[in-house]
Amino acid sequence: LLRSWATSRAMGGIPGSMGWPIIGESLSFISEFSSPHGIYNFMKNRQLRYGKVFKSSILGRSTVFMTGTEASKILLSGKDGMVSLNLFYAGKQLMGPTSLLQTTGEAHKQLRRMIAEPLSIDNMKKYLQFINNLAIDTLDQWTGRKAIYVHDEASTFTLKVISNILMSLEPCGEEQEQFRANFKLISSAFASLPLCIPGTCFYRGIKARDRIYSLLDGMITQRKEGSNIQLDFLQSLIKKHSQETATEKGEDKLTDTQLKDNILTLLIAGHDTTTAALTWLIKFLEENPTILGKLREEHIKIQEGRNGSSILSWPEVSKMTYTSKVINETLRKATILPWYSRKAAQDFEINGYKIKKGWSLNLDVVSIHHDQKLFPDSQKFDPSRFDEPLPPYNFLGFGSGQRMCPGNNLAKLEISVFIHHLVCKYRWRHLERDDSVQATLVRMPKNKYPIIVEKLYGWDAMAANERIAGFHGLNSEKLRCLQQLANFQEGYPCWYHHEIGYYSAVVFHLFRFFGCINFGFSSSMYKTWTVDPLQFLLSDDDDINNITGKILSHLSLVIRKKERLLQDSTDKQQQQS
Ligand code: HEM
């Protein structure tokens, strides 16, 4: 408190308010944090009053907030050692002194090289099948349940992925359960008061950290003895211990403490972030049916090229260009890490204000991601913003400069694979509308985004395109398709427009191929439809639901008639035989 008070006095030259004694502006900050727009309004109000650099006092810490390209450049490039990372005390204690997040300067560069290499895009290839199978298994369990809390499911999925990639932990079984329980305790301890007294949340976190470290100790010993060798991240770092690969200066050698501290760092840095990104993405897709349609188109095309197999290949992942834009737009709109914390390592000047060594500085990323000049209509979810490369420091989803996220390839891979299977096979809708955000360091939907999930009936328009075109006569596959459409009609009222769009496109193809169904539309409407059924159905026309309902009820009659005919002819055949 004394240090904070002394710093706040020294910050006299910076505009802004330090709020109430001790609590500062924490209350309004926290309450804004949980609102749908997060700290955007907190920042905007102060920027309007004080400009792009202002001071505040949040959670007992006197700090200077900055925004804009110039501030990003200075704080993120960290040129000439001007700044270092600024962790909370609890984070420092939990992650250990040799964590990448606690090293600076040359030591940071060296450690980062070693950590980033096994996380490079090339090294991700060997994890693809594991992620693929886990995504399929996870999603298989989503149907037939009353509610799926996407955040919880995404959390389990991403923890299983990262614990397997880092240290080959099996996704199921007692070891995974224990690991998960310990990891949860560590995560909660991050946001707790750092009082290491038995019974406190922080104490439980430290104890859980020790249990994970002893699990790692066992693994490291085994691996060094040459047993239980795995193709994982831990192994690739342990390899660097061997005398043959280590350079004379010992540059590539990591101590056991460094190994443990950094495995834990990656677990912590990579888990909540990827969980939040996946959850927001699924939510934004549901809220933006046209974008979901376009994304589904990309994935169905990939799936079609595979002739029904569920095994994703690496070249297929590289084809997910629209998906990559959707991920970037999710990170922009949600800005799951709203500010990046630094500490001034020397005195410097920004926007005419003198910053003193030791001050806490925060780059306000929310204001950059919602700057109307950089991202017009910034509340709109629009992946086409990423059609062209953006100027440096405009999009900071994975940060930039020396501390840019080394796990971005892994995060994108996990999300892309999961989304592939989700949009190809399932549809979903929310069970509760609540846009507020959990008041934790990583922004997550407060209600965990509960949804209900159902398998897509048969296939959607893209797949149907190909398959229906090949049908001749009333074979069993065609009949199945018709039956599925009939089933769909019953579920119809609870589902969305865009789903109807897809199914109506299926109906449209059936119509073309059967030719005999009289829908009773005027020819002008039929024309519009033949030009582009999907666009027509996705338009904001109020009649669409009626039209679709009509089509489906006509169709169900036809289906039943055809079914009866089929049944009659089978009965006749049986009687004759
Ligand atoms: C969508 C998911 C992710 C997002 C949005 C994300 C975002 C970020 C951002 C913005 C930073 C820079 C923060 C700053 O400059 O202060 C960062 C750093 C970092 N991230 Fe990620 N991250 C994600 C996934 C991951 C994964 C999967 C891993 C691990 C495998 C990981 C490991 C790290 C580490 C170790 C750092 C610190 C780098 C350093 O200090 O040099 N992240 N991340």
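None of these values were measured; they are calculated from a predicted model. In this numbering scheme, every chain counts its residues from 1 along its sequence in written order. Totals for whole chains, interfaces and linings use all residues, but because this is a predicted model, local features are given only for residues with pLDDT of at least 70 and pairs of side-chain atoms are given and counted only at 80 or more. Side-chain calculation: all heavy atoms of the structure are included, whereas hydrogens and water are not.

Draft legend 1. Looking closely at the packing of aromatic side chains. Two rings from Phe, Tyr or Trp (for Trp, the six-membered ring) form a pair when their centres are within 6.5 Å of each other. A pair whose planes differ by under 30 degrees is stacked, one over 60 is edge-to-face, and the rest are tilted. One pass over the full model with this rule turns up 11 aromatic pairs. Where Phe 29 meets Phe 42, the ring centres are 5.1 Å apart and the plane angle is 85°; that geometry is what we call edge-to-face. Of this pair, Phe 29 sits in helix H2 (residues 26–33) while Phe 42 sits in helix H3 (residues 40–50), placing them 13 residues apart in sequence. Judged by its relative accessible area of 4%, Phe 29 falls in the buried class. Exposure categories follow from relative accessible area, calculated using a 1.4 Å probe and restricted to protein chains: below 20% of the type maximum is buried, above 50% is exposed, and the middle band is partly exposed. Note on Phe 42: relative accessible area 1%, which makes it buried. Centre to centre, the rings of Phe 386 and Phe 395 are 5.0 Å apart; their planes meet at 75°, and the pair counts as edge-to-face. Using a relative accessible area of 11% as the deciding quantity, one classes Phe 386 as buried. Put simply, the rings of Phe 29, Phe 42, Tyr 50, Phe 54, Phe 65 and Trp 339 pair up and form one aromatic cluster. Remark: a charge is flagged as sitting over a ring if the NZ atom of Lys or the CZ atom of Arg is within 6 Å of the ring centre and within 35 degrees of the ring normal. The ring of Phe 42 carries Arg 46 above its face, with NZ or CZ at 3.7 Å from the centroid. Secondary structure elements follow DSSP: runs of H or I of four or more residues count as helices, runs of E of two or more count as strands, with numbering from the N terminus.

Draft legend 2. Layout of the site of the ligand. Neighbouring the ligand are 27 residues; His 108, Arg 112, Arg 342, Arg 403 and Cys 405 lie closest to it. We call two N or O atoms a polar contact when they sit within 3.5 Å, provided that within protein one can donate a hydrogen and the other can accept it, with sequence-adjacent residues counted only if both atoms are side-chain atoms. Note that an oxygen atom of the ligand is positioned 2.8 Å from one of the side-chain N or O atoms of Arg 112. No other element matches helix H13 (residues 256–287), which puts 6 residues into the shell around the ligand. For this classification, Asp, Glu, Lys and Arg are treated as charged, while Ala, Val, Leu, Ile, Met, Phe, Trp, Tyr, Cys and Pro are nonpolar and the rest, including Gly, are polar. When the residues that make up the shell around the ligand are grouped by side-chain class, the tally is 16 nonpolar, 8 polar and 3 charged. In these notes, residues near a molecule or strand are those with any non-hydrogen atom within 4 Å of it.

Draft legend 3. Seen up close, the packing of H13 against helix H16 (residues 321–334). At their nearest, the axes of H13 and H16 sit 9 Å apart, and the two run at 100° to each other. Regarding the angle of H13 to H16, the classification is roughly perpendicular. Contacts between H13 and H16 involve Ala 277, Trp 280, Leu 281, Phe 284 and Leu 285 on the former and, on the latter, Val 326, Ile 327, Thr 330, Leu 331, Lys 333 and Ala 334. Looking at the contact of H13 with H16, its residues break down into 9 nonpolar, 1 polar and 1 charged. All axes are obtained by fitting lines to C-alpha atoms, using only the stretch in contact for helices, and the reported angles, taken between N-to-C directions, cover 0 to 180 degrees. Geometric relationships in this document are graded by angle, where less than 35 degrees denotes roughly parallel, more than 145 denotes roughly antiparallel, 65 to 115 denotes roughly perpendicular, and other angles denote oblique. We call two residues in contact when some of their heavy atoms are within 4.5 Å.

Draft legend 4. Seen up close, the coordination of the iron atom of the ligand. On the protein, Cys 405 (SG) is the one donor atom to the iron atom of the ligand, at 2.3 Å. Assignment of secondary structure puts Cys 405 in the loop between helix H17 (365–369) and helix H18 (408–425). The donor set comprises N, O and S atoms within 2.8 Å of the metal, extended to 3.2 Å for Na, K and Ca; water molecules are omitted, so apparent gaps in a site may simply reflect that omission.

Draft legend 5. Looking closely at unusual backbone geometry. Of note in this structure, Asn 228 is not a glycine but carries a positive phi near 50°. Relative to the elements of secondary structure, Asn 228 occurs in the loop between helix H11 (201–224) and helix H12 (233–239). Its identity is not glycine, yet Tyr 393 carries a phi of approximately 70°, on the positive side. Residue placement: Tyr 393 occurs in the loop between H17 and H18. Taking the relative accessible area as the measure of exposure, Tyr 393 reaches 15% and is therefore buried.

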